[in-house]
Amino acid sequence: MGTRDRVLSRVLKFVQCDWPDHVDDTDLKPYFTRKSELSRYDGYLLWGSRVAAPPRGRKEILHVLYESHLGILRMRSLARNYFWWPEIDKALEETA
């Protein structure tokens, strides 16, 4: 999953091996701040029990949640239970 995405493949490698002392890449910073909470399972990047969704799957996740017509609060709650990515709340609000 994450290995096709440039950022997630780097994050997965850092989780498996070790993180550097700091990162300058702005795309990596949201992951770096959570580095002690990230793990790898079967090729997937997890933040706690949530899957760190790759960029190319995020629109479909948002679409499925929105299609359910659950409203922004329920949509946000469901998304937060299962998925995470940088600025997920902003993406949920824009979709709703």
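Residues numbered from 1 in each chain as written. Predicted model: local features only at pLDDT ≥ 70, side-chain atom pairs only at ≥ 80, totals over all residues. Heavy atoms only, no water.

Caption draft 1: How the structure looks around the packing of helix α3 (residues 55-67) against helix α4 (residues 71-82). One way to put it is that α3 packs onto α4 with a least axis distance of 10 Å and a crossing angle of 140 degrees. Here α3 is positioned oblique relative to α4, judged by the angle of their axes. Here α3 and α4 pass one another in a crossing that is right-handed. For the pair α3 and α4, contact is made by Leu 62, Leu 65 and Tyr 66 and by Met 75, Leu 78 and Ala 79, respectively. (Axes fitted to C-alpha atoms, helices over the stretch in contact; angles between N-to-C directions. Helix = DSSP H or I, 4+ residues; strand = E, 2+ residues; numbered from the N terminus. Parallel < 35°, antiparallel > 145°, perpendicular 65-115°, else oblique. Left-handed = near helix turned anticlockwise from the far one by under 90°. Contact = heavy atoms within 4.5 Å.)

Caption draft 2: Main features of the side chain of Arg 76. Summarising the element assignment, Arg 76 is placed in helix α4. Among the polar contacts listed, one links the side chain of Arg 76 to the side chain of Glu 93, at a separation of 3.2 Å. Contacts of Arg 76, omitting those with residues within four sequence positions, involve Asp 89, Leu 92 and Glu 93. (Polar contact = N/O pair within 3.5 Å; in protein donor to acceptor, adjacent residues only side chain to side chain.)

Caption draft 3: Representation of the sheet that holds strand β3 (residues 50-52). With mixed pairing, the 4 strands of this open sheet are ordered in space as β1-β2-β3-β4. What marks the edges here is a single partner per strand, and that holds for β1 (38-41) and β4 (83-84). Note that β1 and strand β2 (residues 44-47) share 4 bridges and pair antiparallel. Among the inter-strand pairings, Leu 38 is bridged to a residue of β2, identified as Trp 47. Relative to β1, helix α1 (residues 6-16) is tilted by about 95 degrees, and along the sheet it contacts β1, β2 and β3. (Pairing = 2+ DSSP bridges.)

Caption draft 4: View of helix α5 (residues 88-95). Within α5, the full set of buried residues consists of Ile 88, Ala 91 and Leu 92. With its buried residues spanning 100 degrees around the axis, α5 presents them on a single face. Packing partners of the buried residues in α5 comprise α3, α4 and β4. (Buried < 20%, exposed > 50% of the residue type's maximum accessible area, 1.4 Å probe, protein only. Arc of directions from axis to C-beta.)

Caption draft 5: Geometry of the pattern of salt bridges. This model, assessed by the stated rule, comprises 5 salt bridges. Two residues, Glu 93 and Arg 76, come together in a salt bridge whose shortest N-O distance is 3.2 Å. Taken together, the positions of Glu 93 in helix α5 and Arg 76 in helix α4 put the pair 17 residues apart, joining distant regions of the chain. Each member of the salt-bridge network shares a partner with another, and the members are Arg 6, Arg 10, Asp 25 and Asp 27. (Salt bridge = Lys/Arg side-chain N within 4 Å of Asp/Glu carboxyl O.)

Caption draft 6: Region of the structure containing the packing of aromatic side chains. Evaluated as defined, the whole model comprises 4 aromatic pairs. With centroids separated by 5.8 Å and ring planes inclined at 70 degrees, the aromatic side chains of Trp 19 and Phe 32 adopt a geometry described as edge-to-face. Of the two residues, Trp 19 sits in the loop between α1 and α2 (29-32) while Phe 32 sits in helix α2, which places them 13 residues apart along the sequence. For Trp 19, a relative accessible area of 11% puts it in the buried group. (Phe/Tyr/Trp six-rings, centres within 6.5 Å; stacked < 30°, edge-to-face > 60°.)

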